[in-house]
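The lines below spell out each chain.
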Amino acid sequence: MRKQRWVSALLLLCLLLFSGCGAQTEMPETEDEAAAESLQIGLSFDSFVIERWLRDRDMFVSTAQSLGADVNVQVANGVVEEQISQIEYFIQKKMDVIVIIAIDGTALTDVVKKAQDAGIKIVCYDRIIENVNADLYISFDNVMVGTLMGEALKNACPEGGNIFAIYGSPTDNNVDQVIEGLTASLADSNLTIVYSDYCENWLAELAFERVNEGLSITHDIVGVMCGNDDLASQAIRALSENRLAGQVAVVAQDAELAACQRIVEGTQEMTVFKQVELEAEAAAVLSVALGRGESITSDTCSYQVTETINDGTYDIPYYSIQPVAVTAENMDEVIIDQGFHSQEDVYLNVSGHKAN
């Protein structure tokens, strides 16, 4: 009996051992296999020269990852050929969605169509790509951005006068929309644009040159419109060297920290605040929905798309976000209270200012 019990125990032990080995043959997923199963999003940036793009990147990536997607970020550093090459790389990697902050909205047409032929969804982020019938365009209302700039100049210069207009990149479709809003806003005023020019690739150094070119024509100006805060920094440098800083109303957009500091210091009149975290979060949610074949126009979508915009040929889904004008009067309410910049940072150079 002892021998029989011993043999039975030995057989049971063998069965357990073999069972354990069988379980071990199911190897855990490799990282590559897990990535292949998750949604793949390619995010192509123009550059990180403009401060806000880092905020966009961080919010987009964290939101997409929280929804189970993997994000591959590429930065073209302002070189169109590099951005085309990076999008081709995304095509080779069989991305489900490609999100593009375009350097040149017309130069990317062919490579975007190539991606679409491969079954990849295309999201135009903040800048539209013309004539490609993208799956989504998400941006702030850029006509309103221009309108807010014009209104700020009219408020700061009620008697009218001469102004300079220092626009952004001529290849950025948003610039045309901003000009549209600015022009319409100034139509009923006594403000006259006596000098205007573009800054290719949004290079801030060009704004310094453009303002000096304008001042070679006349010093009799009351305002300067700048395409963004980065351009405004160099425009104000040119004004300062000509002893005009603080005497001329400068307006721009993006609410960069340095611009907010200049506003409370008195050398910049206004910046247009665009809640980039909201744009990036919405873009990530909508990109994941597109990649999974879900409707972005349904009321079940947390960021429902209800508008369309014409890209030159097609009416495409458009998710627009409203911008806000920021001056010294509402700086605390719009920028600080919402946590976009801290009070200590904004008022860093204002002597005697005490935090609330």
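Below is a short write-up of the structure. (Residues numbered from 1 in each chain as written. Predicted model: local features only at pLDDT ≥ 70, side-chain atom pairs only at ≥ 80, totals over all residues. Heavy atoms only, no water.)

What follows concerns the pattern of salt bridges. Inspection of every chain in the model, using the stated rule, returns 15 salt bridges. For arginine 57, the salt bridge identified is with aspartate 58, shortest N-O distance 2.9 Å. When its relative accessible area of 45% is taken as the criterion, aspartate 58 is described as partly exposed. Between arginine 127 and aspartate 172 there is a salt bridge whose closest N-O contact spans 3.0 Å. Residue arginine 127 is found in the loop between strand E4 (121-125) and strand E5 (136-140), and its partner aspartate 172 is found in the loop between strand E6 (161-166) and helix H7 (173-186); the two are separated by 45 residues along the sequence. Arginine 127 sits in the buried class, given a relative accessible area of 4%. The class of aspartate 172 is buried, set by a relative accessible area of 4%. (Salt bridge = Lys/Arg side-chain N within 4 Å of Asp/Glu carboxyl O. Buried < 20%, exposed > 50% of the residue type's maximum accessible area, 1.4 Å probe, protein only. Helix = DSSP H or I, 4+ residues; strand = E, 2+ residues; numbered from the N terminus.)

This part takes up the packing of aromatic side chains. For the structure shown, the criterion picks out eight aromatic pairs. A ring pair is formed by tyrosine 89 and phenylalanine 90, whose centres lie 6.0 Å apart and whose planes are at 45°; its orientation type is tilted. Owing to a relative accessible area of 32%, tyrosine 89 belongs among the partly exposed residues under this scheme. A centroid spacing of 5.1 Å and a plane angle of 15° characterise the contact between tyrosine 137 and tyrosine 318, whose relative ring orientation is stacked. A residue pair is termed long-range when its members are at least 10 positions apart, and tyrosine 137 in strand E5 and tyrosine 318 in strand E12 (residues 315-321) qualify at 181 residues. Its relative accessible area of 0% is what places tyrosine 137 among the buried residues. In this structure tyrosine 318 comes out as buried when scored by relative accessible area, which is 8%. Pairwise contacts between aromatic rings join Phe45, Phe48 and Trp53 into one cluster. (Phe/Tyr/Trp six-rings, centres within 6.5 Å; stacked < 30°, edge-to-face > 60°.)

With that out of the way, let us pick up helix H4 (residues 80-92). Between its first and last C-alpha, H4 extends 19 Å over 13 residues, near the 18 Å set by a 1.5 Å rise per residue. Listed in full, the buried residues belonging to H4 are Val80, Gln83, Gln86, Ile87, Phe90 and Ile91. Projected down its long axis, H4 shows its buried positions confined to an angular sector of 150°, all on one face. In H4, those exposed residues whose orientation departs by more than 90 degrees from the buried face are Glu81 and Gln92. Against strand E1 (39-45), strand E2 (69-75), strand E3 (97-100) and helix H5 (109-117) lie the buried residues of H4. (Expected span 1.5 Å × (residues − 1). Arc of directions from axis to C-beta. Contact = heavy atoms within 4.5 Å.)

What follows covers the nonpolar core. In terms of nonpolar packing, the biggest core is built from 77 residues, with Ile41 and Phe60 touching the most fellow members. It is helix H11 (residues 276-291) that contributes the most residues to this core, nine residues altogether. Among all residues touching phenylalanine 60, those that are not within four sequence positions of it are Ile41, Leu43, Val71, Val99, Ala280, Ala283, Ala284 and Ser287. Counting 22 residues, the second largest nonpolar core, distinct from the first, contains Leu108, Ile120, Ile129 and Ala134. (Core = buried A, V, L, I, M, F, W, Y, C linked by side-chain atoms within 4.5 Å.)

In this section: the sheet that holds E3. One open sheet holds the seven strands; their spatial order is E2-E1-E3-E4-E5-E12-E11, and the pairing between them is mixed. Looking at which strands have only one partner, the edges of the open sheet turn out to be E2 and strand E11 (307-310). Across the sheet, the mean angle separating the axes of adjacent strands is 25° when strand polarity is ignored. Pairing of E1 with E3 involves four bridges; the strand directions are parallel. Within the sheet, the bridge partner assigned to isoleucine 41 lies in E3 and is valine 97. In the packing of H11 onto the sheet, contacts are made with E1, E2, E3, E4, E5 and E12, and the angle to E5 comes to roughly 170°. (Pairing = 2+ DSSP bridges. Axes fitted to C-alpha atoms, helices over the stretch in contact; angles between N-to-C directions.)

Once that is clear, we can look at the environment of leucine 108. Checked against the element boundaries, leucine 108 lands in the loop between E3 and H5. The buried category is assigned to leucine 108, whose relative accessible area is 0%. A sequence separation of 28 residues divides leucine 108 from valine 80, and the C-alpha atoms of the two residues are 8.1 Å apart. Once residues lying within four places of it in the same chain are set aside, the contact partners of leucine 108 are Gln83, Ile84, Ile87, Ile100, Ala102 and Ile129.

The contact between helix H6 (residues 142-156) and H7 brings their axes to 6 Å, and the two run at 40°. By the angle class used here, H6 and H7 are oblique. Read as a crossing pair, H6 and H7 show a hand that is right-handed. Only Asn174, Gln177, Val178, Glu180, Gly181, Leu182, Ser185 and Leu186 of H7 make contact with H6, whose side of the interface consists of Asn142, Val143, Val145, Gly146, Thr147, Met149, Gly150, Glu151, Leu153 and Lys154. Counted by class, the contact of H6 with H7 contains seven nonpolar, eight polar and three charged residues. (Parallel < 35°, antiparallel > 145°, perpendicular 65-115°, else oblique. Left-handed = near helix turned anticlockwise from the far one by under 90°. Nonpolar A, V, L, I, M, F, W, Y, C, P; charged D, E, K, R; others polar.)

Moving on, we get to the side chain of arginine 52. With respect to the element layout, arginine 52 can be found in helix H3 (residues 52-66). Among the polar contacts listed, one links the side chain of arginine 52 to the side chain of aspartate 126, at a separation of 3.4 Å. When neighbours within four sequence positions are excluded, arginine 52 is seen to be in contact with Tyr125, Asp126, Phe140, Asp254, Lys274, Val276 and Glu279. (Polar contact = N/O pair within 3.5 Å; in protein donor to acceptor, adjacent residues only side chain to side chain.)

With 15 residues, H6 extends 21 Å from end C-alpha to end C-alpha; this agrees with the ideal 21 Å at 1.5 Å per step. Restricting attention to buried positions, one finds in H6 the residues Asn142, Val145, Gly146, Leu148, Met149, Gly150, Ala152, Leu153 and Lys154. For H6, the N-terminal capping position is held by aspartate 141, with its side-chain oxygen 3.3 Å away from the main-chain nitrogen of valine 143.

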